[in-house]
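# Residue-level structure breakdown
Now for the letters of each chain:
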Amino acid sequence: MGMWLFLFTEVLLFGGLFVLYAVTLGRFPVEFHEASQLLSVPMGTTNTVVLITSSLFAVLAVTALQRGDRKKSELFIGLTIVLAACFLIIKYFEWTAKFHHGIYPGSPDIADWEPGKQAFFALYYAMTGLHGIHIVIGMAVLGWVWWLIRQEDCTPEYFVALENAGLYWHLVDLIWIFLFPLFYLIA
Amino acid sequence: MNDTKTEHHGPGYGLFVAIWGVLMVLTGVTVWISSVDLGFLNVMVALSVATTKALLVVMFFMHLKYENRTLKLMVLLAFVILAIFIGFTFFDTAYR
């Protein structure tokens, strides 16, 4: 229950940013359309697949532990963390490519673009950046739970830690499910 | 949420892999639809698909389907509040 309450606050945190996005989109539909075409759809799609798959492994880890299969649970958590790292690596290449084209917050190159396109990238960096921070935190929490299972502090009889880490991870996935179409596909 | 719920979580690996399959198909659909120009409808379609995917994740991956009614109502309430929040912001910005 407490975990869900925390997740609601997270939803509200991102909810505020989504509102900002929606209002800005309403004001600059054409500029958003042009700006979103600068993002790589293949990279965004790959990251969506990677993150949803990592969510699958997270839920399988819970199932495995419930069934008393500790080794399998550890393996699934490991796979979740590996896929999370893949997501960040892809994100890194994506951002680096953008930086090379002079698209980053405060860049002199975009200073004389239309305000709408600047707003798009400001929101893009703020929202995917905040999401990225959540990925890093999620990886740390999953790593911690993996260690708990090894120490047998998280067992088939008492697995709240794993369940809550899983819930957090699914929320991170959930947010990306909305970020992906809004930034990459609205074109 | 707590260890006493162990017996409520019945589903096996197969169900979750199937849900994952549906999520993958929906991802493909949303990418494909975005290449077709439907005007403003594109935004609606993209958001509908995303909401469907979100529902699947919440219901199955987050086990909400197997939780008690209180928690289900709480989650519903949280999203209703979010909808009010977003809706009223639009009333404000649309008529100023």
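This one's a predicted model, so the numbers in the text were calculated from it and none came from an experiment.

## What to know about the overall build of chain B
When you go through chain B residue by residue, the secondary structure sums to three helices and zero strands. When its helices and strands are written in sequence order, chain B yields α-α-α. The burial tally for chain B puts 19% of its 96 residues in the buried class.

## Regarding the interface of chain B and chain A
Contact residues are listed per partner, giving 34 residues for chain B and 36 residues for chain A. Taken together, the elements giving at least two residues each to the side of chain B that touches chain A come down to helix 1 (13-34), helix 2 (41-61) and helix 3 (69-94) of chain B. It is helix 1 of chain B that provides the largest number of residues to the side of chain B that touches chain A, a total of 10 residues. Looking at the side of chain B that touches chain A residue by residue, the class counts come to 22 nonpolar, 10 polar and two charged.

## Some points on the nonpolar core
Ranked by internal contacts, the top residues of the largest apolar core, which has 71 residues, are Leu60(A), Ala61(A), Leu142(A), Val145(A), Leu162(A), Ile175(A) and Leu179(A). Looking at this core, the elements with two or more residues in it are helix 1 (2-27), helix 2 (29-36), helix 3 (41-66), helix 4 (70-100), helix 5 (115-150) and helix 6 (160-185) of chain A together with helix 1 and helix 2 of chain B. No other element matches the 18 residues that helix 6 of chain A contributes to this core. Setting aside residues up to four positions removed in sequence, Leu60(A) forms contacts with Phe76(A), Tyr13(B) and Phe16(B).

## Notes on the confidence of the model for chain B
Residues and elements named next belong to chain B. Confidence in the prediction for chain B averages 84 pLDDT; 88% of positions are at 70 or higher. For chain B, helix 3 is the element with the lowest average pLDDT, namely 85, and helix 1 is the one with the highest, namely 93. Scored below 50 in pLDDT, residues 1-8 shows nine contacts in the model against residues more than four places distant or in partner chains. Predicted as a complex, the structure gets a pTM of 0.89 and an ipTM equal to 0.88.

## A short note on the domain arrangement of chain B
We note that the domain assignment places domain 1 (11-62) and domain 2 (67-96) within chain B. Once you take the C-alpha centre of each, domain 1 of chain B and domain 2 of chain B turn out to be 21 Å apart.

## Concerning helix 4 of chain A
All names here are of chain A. Over its 31 residues, helix 4 extends 45 Å from the first C-alpha to the last, a length consistent with the 45 Å expected when each residue adds 1.5 Å. Within helix 4, the full set of buried residues consists of Ser73, Phe76, Ile77, Thr80, Ile81, Leu83, Ala84 and Phe87. Of the surrounding secondary structure, the elements contacted by the buried residues of helix 4 are helix 3, helix 5 and helix 6. Following helix 4 by one or two positions, Gly102 adopts a phi angle in the positive range, close to 75°.

Thresholds applied
- Counting of residues starts from 1 at the beginning of each chain's written sequence and follows it residue by residue.
- Chains and ligands are labelled by the order in which they are written, letters from A for the one and numbers from 1 for the other.
- Two thresholds apply to this predicted model, a pLDDT of at least 70 for residue-level local features and 80 or more for giving and counting side-chain atom pairs, whereas whole-chain, interface and lining totals are computed over all residues.
- The numbering of helices and of strands both runs from the N terminus, where a helix is a DSSP run of H or I of at least 4 residues and a strand a run of E of at least 2.
- Counting other C-beta atoms within 10 Å of a residue's own tells you its class, since 20 or more makes it buried, 12 or fewer makes it exposed, and anything in between is partly exposed; those C-beta atoms are placed from the backbone.
- In this description, a residue-residue contact is defined by the distance between C-beta atoms placed from the backbone, which must lie within 7 Å.
- Under the scheme applied here, ten amino acids are nonpolar (Ala, Val, Leu, Ile, Met, Phe, Trp, Tyr, Cys and Pro), four are charged (Asp, Glu, Lys and Arg), and all others, including Gly, are polar.
- Any set of buried Ala, Val, Leu, Ile, Met, Phe, Trp, Tyr and Cys residues joined through C-beta atoms within 7 Å is what this text calls a nonpolar core.
- For every residue, the pLDDT score states the predictor's confidence, bounded by 0 at the bottom and 100 at the top.
- Residue ranges assigned to the domains are those given by an automatic or database domain assignment.
- Helix span is expected to be 1.5 Å times the residue number reduced by one.

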